[in-house]
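Examination of the molecular architecture
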Amino acid sequence: MKKLIIDTDPGIDDAMAIQMALNAQELDIMGLTTVFGNVNIDLTTSNALRILDLAGRNDIAVAKGAEHPLKTKFAGGVPFVHGDDGQGNTYKPASKSSAVELSASAFLVEHILRYPGEVTIAALGPLTNLAMALQMEPQIQQLVKEIVIMGGNAFCAGNATPAAEANMYSDPEAADIVFGADWSLTMVGLDVTHKTVLSKHDIAEISTSKTPLNRHVMEAYKFYQDFFKKANKMDGTYLHDASVIAYLLDRSLYQTAAYPIRVETSDCLGKGKVWPSDGASDQEERPALRPWRNRPLVNVCVDVNAKEVIDLVKSKLML
Ligand code: RIB
Ligand code: CA
């Protein structure tokens, strides 16, 4: 089994990804670390605790993480996408469980050091906790097994702005630090999640499964579907966070390419844009490529077998 920590900002699609991971026999979920993002840190943390309640998995620890981006203040999230409660305004009762004492970054460091080479991180929100963990203990770069993030847009438009994807836009400084670290990093970005659509028929089929957590996720999903109907004139939704779990379960469904990556951090129209370079940035005669020089290569997902991914997602949600 793959030891996995999910860093998350639930978030309706986060809830679906967590549900999929909990149902996957291949994955040993060591904990959820929460971060601001779709809604504030208190709500993402209470939502994470409630999701585990519904799954009967309060044995899994929740560690509360960053309230704000590294350099700015939380800007309010996206209640128009995920609801004021972050779960489609389903307003379920609070969990009786609490987060552990350790902060999210300390929880990440502690587990990576305890199980060198064994821990995988699935990051489904802004990368603030990962950046803070790296600053706390740089040697985790060599000791973590791999990191797979939902975020970024290498060769397509953004979703938070025309330039940038939401998780990277929420904390571009953290993203630039994470993309510049010397660890095994895979980016599952809009280049593939915008090619992976959960249709209204898929959603109806998933809704036939009546486990307590699936009933909740599908109830919340109505709000998420309404957003996509209004914003994108779609009957279904893109599959963002669950695509990371699909990648972890069967990476053969994704085509990848390796690039050094920088993230736009200046407060401009392009803030949060992920910039891969395919130029040979070590050539002296190309000083313009200096920002990419000596940056590690990131494994960027550039294409996907979307039908197979949807089938895999359904097989893990409909137990
Ligand atoms: O751009 C989509 C990402 O932003 C997803 O992780 C969603 O949950 C939001 O966090
Ligand atoms: Ca998310």
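Notes on the structure follow. (Residues numbered from 1 in each chain as written. Chains lettered and ligands numbered in written order. Predicted model: local features only at pLDDT ≥ 70, side-chain atom pairs only at ≥ 80, totals over all residues. Heavy atoms only, no water.)

Quick word on the site of ligand 1
- Near ligand 1 lie 13 residues; those nearest to it are Asp13, Leu124, Asn159, Glu165 and Asp241.
- Within the contact set of ligand 1, an oxygen atom lies 2.6 Å away from a side-chain nitrogen or oxygen of Asp13.
- A distance of 2.5 Å separates an oxygen atom of ligand 1 from a polar atom in the side chain of Glu165.
- Alone, ligand 1 offers 280 Å² of accessible surface; in the complex the protein occludes 95% of this.
- Taking a 2 Å distance to the grid points as the criterion, the majority of the atoms of ligand 1 fall inside the largest pocket.
- By residue class, the composition of the shell around ligand 1 is 3 nonpolar, 5 polar and 5 charged. (Near = heavy atom within 4 Å. Polar contact = N/O pair within 3.5 Å; in protein donor to acceptor, adjacent residues only side chain to side chain. Areas by Shrake-Rupley, 256 points an atom, 1.4 Å probe, with all protein chains shown as cover. 1 Å grid on protein atoms, 1.4 Å probe; cavity = no way out; pocket = protein on both sides within 12 Å on 5 of 7 lines; lining within 4 Å. Sits in = over half its atoms within 2 Å of the grid points. Nonpolar A, V, L, I, M, F, W, Y, C, P; charged D, E, K, R; others polar.)

Brief notes about the pairing of strand E4 (residues 119-123)
- In terms of burial, E4 is a largely internal element, 5 of the 5 residues being buried.
- Of the two faces of E4, the one holding Val119, Ile121 and Ala123 and the one holding Thr120 and Ala122 are both buried throughout.
- Where strand E1 (residues 2-8) lies against E4, 5 bridges are found, and the strand directions are parallel. Across the sheet, residue Lys3 finds its bridge partner in E4, namely Val119.
- Bridge analysis of E4 against strand E5 (residues 146-150) gives 4 bridges, and the strand direction is parallel. Following the sheet pairing, Ala123 is matched in E5 by Ile149. (Buried < 20%, exposed > 50% of the residue type's maximum accessible area, 1.4 Å probe, protein only. Helix = DSSP H or I, 4+ residues; strand = E, 2+ residues; numbered from the N terminus. Pairing = 2+ DSSP bridges.)

Remarks on the coordination of the calcium ion (ligand 2)
- Looking at the calcium ion (ligand 2), the protein donor atoms are Asp9 (OD), Asp14 (OD), Asp14 (OD), Leu124 (O) and Asp241 (OD), and they sit 2.2 to 2.6 Å from it.
- Positions of the donor residues of the calcium ion (ligand 2) along the chain correspond to the pattern D-x4-D-x109-L-x116-D. (Donors = N, O, S within 2.8 Å, 3.2 Å for Na, K, Ca; no water.)

Here we look at the packing of helix H4 (residues 104-114) against helix H5 (residues 128-136)
- Axis separation between H4 and H5 bottoms out at 8 Å; the angle between their running directions is 60 degrees. It follows from the interaxial angle that H4 and H5 lie oblique. Crossing geometry of H4 relative to H5 is assigned as right-handed. Where H4 abuts H5, its residues Ala104, Ser105, Ala106, Leu108 and Val109 lie against Asn129, Leu130, Met132, Ala133 and Met136. (Axes fitted to C-alpha atoms, helices over the stretch in contact; angles between N-to-C directions. Parallel < 35°, antiparallel > 145°, perpendicular 65-115°, else oblique. Left-handed = near helix turned anticlockwise from the far one by under 90°. Contact = heavy atoms within 4.5 Å.)

A look at unusual backbone geometry
- Geometrically, the link from Pro10 to Gly11 is a cis peptide bond, its omega value of -20 degrees lying close to zero.
- The residue Gly11 is located in the loop between E1 and helix H1 (12-23) in this model.
- With phi around 65 degrees, Asn294 is a residue other than glycine that occupies positive phi space.
- One can find Asn294 in the loop between strand E10 (274-276) and strand E11 (297-304).
- When its relative accessible area of 74% is taken as the criterion, Asn294 is described as exposed.

Some remarks on H4
- Most of H4 is tucked away: 8 of the 11 residues are buried.
- Within the sequence span of H4, burial applies to Ala104, Ser105, Ala106, Phe107, Leu108, Val109, His111 and Ile112.
- The secondary structure elements touched by the buried residues of H4 are E1, strand E2 (27-34), strand E3 (61-63), E4, H5 and helix H6 (140-143).

Here's the deal with the environment of Leu269
- With respect to the helices and strands, Leu269 occurs in the loop between strand E9 (254-263) and E10.
- Classification of Leu269 by relative accessible area gives exposed; the value is 83%.
- Residues Leu269 and Pro162, spaced 107 residues apart in sequence, show a C-alpha to C-alpha distance of 8.6 Å.
- Leave out the neighbours within four places in its chain, and Leu269 touches Thr161 and Ala163.

A word on the nonpolar core
- If you look at the biggest cluster of nonpolar residues, it comprises 58 residues, and the most contacted ones within it are Ile6, Met16, Met20, Ile29 and Tyr254.
- Other than its neighbours up to four places away in sequence, Tyr254 contacts Val192, Ser243, Ala246, Tyr247, Cys301, Asp303, Val304 and Val309.
- Within the second largest apolar cluster, 37 residues are counted, among which are Ile112, Leu127, Phe179 and Val300. (Core = buried A, V, L, I, M, F, W, Y, C linked by side-chain atoms within 4.5 Å.)

Looking at the layout of surface pockets
- Within this model, the largest pocket holds a volume of roughly 700 Å³.
- Those elements that place two or more of their residues in the lining of the largest pocket are H1, helix H3 (79-82), helix H7 (166-170) and helix H11 (212-232).
- Here the lining of the largest pocket is composed, by residue class, of 16 nonpolar, 12 polar and 7 charged.
- There is about 150 Å³ of room inside the second largest pocket.
- Elements represented by at least two residues in the lining of the second largest pocket include exactly H1, helix H2 (41-55) and H11.
- By residue number, the principal contributor to the lining of the second largest pocket is H1, which donates 3 residues.
- Taken together, the residues of the lining of the second largest pocket sort by class into 6 nonpolar, 3 polar and 1 charged. (Points joined across faces, edges and corners; volume = space filled by probe spheres on them.)

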